[in-house]
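# Results of the structural survey
Here are the chains, one letter per residue:
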Amino acid sequence: MSSPELVSVVICTVNRCYSLEKTLKSLNEINYQYFEVIIIDSSDDESTRKMVDCLKIDLDFPLNFPVQIFTSQVKNIGVSRNLGIQKSSGKIVAFIDDDAIPQRDWLDKLLATYTLKGDKCAGVGGSVKDMTKADLPWQYYQGITNVMSHTIPIRLGKVPNHNQPQGFWYNGMMGTNSSYRKELLEKINGYDEFFEYFLDETDVCLRLIQAGYEIHYCDTIVQHYPQPSHNRYDQKHLTCWYSLAKNTTYFALKHGYNKMPSWVFLLRLSSLLIYRCLLRILRLKFSHNLNNHILLDYVKQAIKGVYLGWSYGVNTSLHSSN
């Protein structure tokens with residue numbers, strides 16, 4: 001009888017000691033037992049490390065899995081995820097956020113899907129529910145993204161797969177309920193560290209599919225309790241407009257520029273930036289009563305992001321076409 005597959009569960013965290021503790025304790029409740037936890041901590045102080053150290057010796061609620069914690073000096077999700085991959089010992093690397101709770105069958109369902117889909121399956125993800133809203137809506141369910149980074153996060157029922165290397169739409173995953181074969185992540189050189197926040201896992205899924213592999217879904221749910229962070233005050237009031245604009249522009253140039261005529265590309269990218277950044281910034285005037293000075297600062301951040309994303313994206317698209 002073959003031994004169970006070791007899974008490395010990677011959690012990237014920044015200044016969320018309280019919610020991270022809940023996530024760690026919830027992992028005690030899942031069915032699958034053969035896993036390790038790798039925490040990548042970019043917090044401003046030692047509170048996360050102290051909390052983890054206390055949990056390790058807590059006799060009232062002992063963790064039944066090994067935990068290692070490593071420090072990343074920068075608040076960059078691509079850097080943190082790559083460090084987590086590097087430190088992992090499992091053949092499967094699963095990611096969950098520090099403000100999320102998995103179902104008991106989380107790892108069982110992920111692993112079963114790898115077995116079902118075979119060696120071409122590079123990644124498996126499940127669905128995500130927002131537990132902070134009254135109707136507990138889906139945040140992600142069988143989502144797909146196109147080469148411009150426009151995403152349809154929720155597709156209910158029986159839906160087509162998008163695993164074609166030259167396709168326009170691609171299967172995707174939400175980072176808080178995602179997993180990959182470690183060797184295939186290493187084969188594509190891991191996460192693109194230009195994505196410090198937003199579109200990091202989307203880029204990985206696209207590159208794996210473009211390399212000839214597949215991304216699949218399974219029906220396990222992660223419960224998400226979105227917390228404030230350095231990127232948002234709440235789910236509507238984001239503060240990361242520089243990153244959203246920069247990464248949208250860079251992603252589109254990296255993956256979409258050679259897929260369509262230049263004028264179509266510019267029209268699509270402009271529309272996406274207006275929808276994703278400008279209109280959402282203006283909406284804050286009414287939803288959060290922000291003053292014009294703050295709104296103007298957000299617009300300036302977005303413009304700065306577009307400029308840098310364009311500069312890096314043009315270089316990337318030129319190199320890929322040579």
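This is a predicted model, so every value here is computed, not measured.

The subject of this paragraph is the pairing of strand β12 (residues 214-224). Most of β12 sits out of view: nine of its eleven residues are buried. Of the pairings in the sheet, the one linking strand β5 (residues 100-102) to β12 comprises three bridges and is antiparallel in character. Counterpart to A100 in the pairing with β12 is H224. The pairing of strand β6 (residues 121-130) with β12 spans eight bridges and is parallel. The residue bridging C121 from the neighbouring strand is E214, located in β12.

Another point: the packing of aromatic side chains. In this structure the tally under the stated criterion is twelve aromatic pairs. Measuring from ring centre to ring centre gives 6.4 Å for Y180 and Y191, while their planes differ by 90°; the resulting arrangement is edge-to-face. With Y180 in strand β11 (residues 178-181) and Y191 in the loop between α5 (182-187) and α6 (200-210), the pair connects residues that are eleven residues apart, well separated along the chain. Taken together, the aromatic side chains of F194, F195, Y250, F251 and Y312 make up a single cluster linked through ring pairs. Sitting above the plane of the F194 ring, K246 keeps its charged end 3.9 Å from the centroid. Here the basic side chain of K304 rests over the ring of Y242, its NZ or CZ set 5.8 Å away from the ring centre.

The biggest cluster of nonpolar side chains holds 51 residues, and the ones touching the most others in it are Y180, L208 and W241. In this structure, L208 is in contact with A122, Y180, L184, I188, Y213 and I215, ignoring residues within four places of it in sequence. With 31 residues, the next largest nonpolar core counts V7, F35, A94 and V222 among its residues.

If you trace the three strands from one edge of the open sheet to the other, you get β9-β8-β10, paired in antiparallel fashion. At either end of the open sheet lies a strand with only one pairing partner, and these are β9 (151-152) and β10 (169-171). Sheet analysis places strand β8 (residues 144-146) next to β10, joined by three bridges and oriented antiparallel. Across the sheet, the residue bridging to N146 is W169, located in β10. Sitting on the sheet, α6 touches β8 and β10, and the angle it makes with β10 is about 100°.

Going through the model one piece at a time under the given rule, you end up with 14 salt bridges. The partner of R81 in a salt bridge is D200, with the nearest N and O atoms 2.9 Å apart. Of this pair, R81 sits in helix α3 (residues 77-87) while D200 sits in helix α6, and the two are 119 residues apart along the sequence. For R81, a relative accessible area of 5% puts it in the buried group.

Turning our attention to the packing of helix α1 (residues 17-27) against helix α2 (residues 47-56). It is the contact of α1 with α2, at a shortest axis distance of 10 Å, that shows an interaxial angle of 30°. Our classification of the angle between α1 and α2 gives roughly parallel. Between α1 and α2 lies a crossing of right-handed hand. Taken together, the residues of α2 that come into contact with α1 (itself represented by C17, L20, E21, L24 and K25) are S47, T48, M51, V52 and L55. Its residues placed into classes, the contact of α1 with α2 shows six nonpolar, two polar and two charged.

Approximately 280 Å³ is the volume found for the second largest pocket. In terms of lining residues, the second largest pocket is bounded by E5, Y32, K91, I92, L111, Y114, T115, R181, K182, E183 and E186. Sorting the residues of the lining of the second largest pocket by element identifies α4 (106-117) and α5 as the ones contributing at least two each. Of the residues in the lining of the second largest pocket, the class split is four nonpolar, one polar and six charged.

This part covers unusual backbone geometry. We note that N15 has phi near 55°; this positive angle belongs to a residue other than glycine. If you trace the backbone, N15 turns up in the loop between β1 (7-13) and α1. Its relative accessible area of 39% is what places N15 among the partly exposed residues. If you check the backbone angles, S149 has positive phi at about 90° while not being a glycine. Counting through the fold element by element, S149 comes out in the loop between β8 and β9.

Quick notes on the rules
- Residues numbered from 1 in each chain as written.
- Predicted model: local features only at pLDDT ≥ 70, side-chain atom pairs only at ≥ 80, totals over all residues.
- Heavy atoms only, no water.
- Buried < 20%, exposed > 50% of the residue type's maximum accessible area, 1.4 Å probe, protein only.
- Helix = DSSP H or I, 4+ residues; strand = E, 2+ residues; numbered from the N terminus.
- Pairing = 2+ DSSP bridges.
- Phe/Tyr/Trp six-rings, centres within 6.5 Å; stacked < 30°, edge-to-face > 60°.
- Lys NZ or Arg CZ within 6 Å of the ring centre and 35° of its normal.
- Core = buried A, V, L, I, M, F, W, Y, C linked by side-chain atoms within 4.5 Å.
- Contact = heavy atoms within 4.5 Å.
- Axes fitted to C-alpha atoms, helices over the stretch in contact; angles between N-to-C directions.
- Salt bridge = Lys/Arg side-chain N within 4 Å of Asp/Glu carboxyl O.
- Parallel < 35°, antiparallel > 145°, perpendicular 65-115°, else oblique.
- Left-handed = near helix turned anticlockwise from the far one by under 90°.
- Nonpolar A, V, L, I, M, F, W, Y, C, P; charged D, E, K, R; others polar.
- 1 Å grid on protein atoms, 1.4 Å probe; cavity = no way out; pocket = protein on both sides within 12 Å on 5 of 7 lines; lining within 4 Å.
- Points joined across faces, edges and corners; volume = space filled by probe spheres on them.

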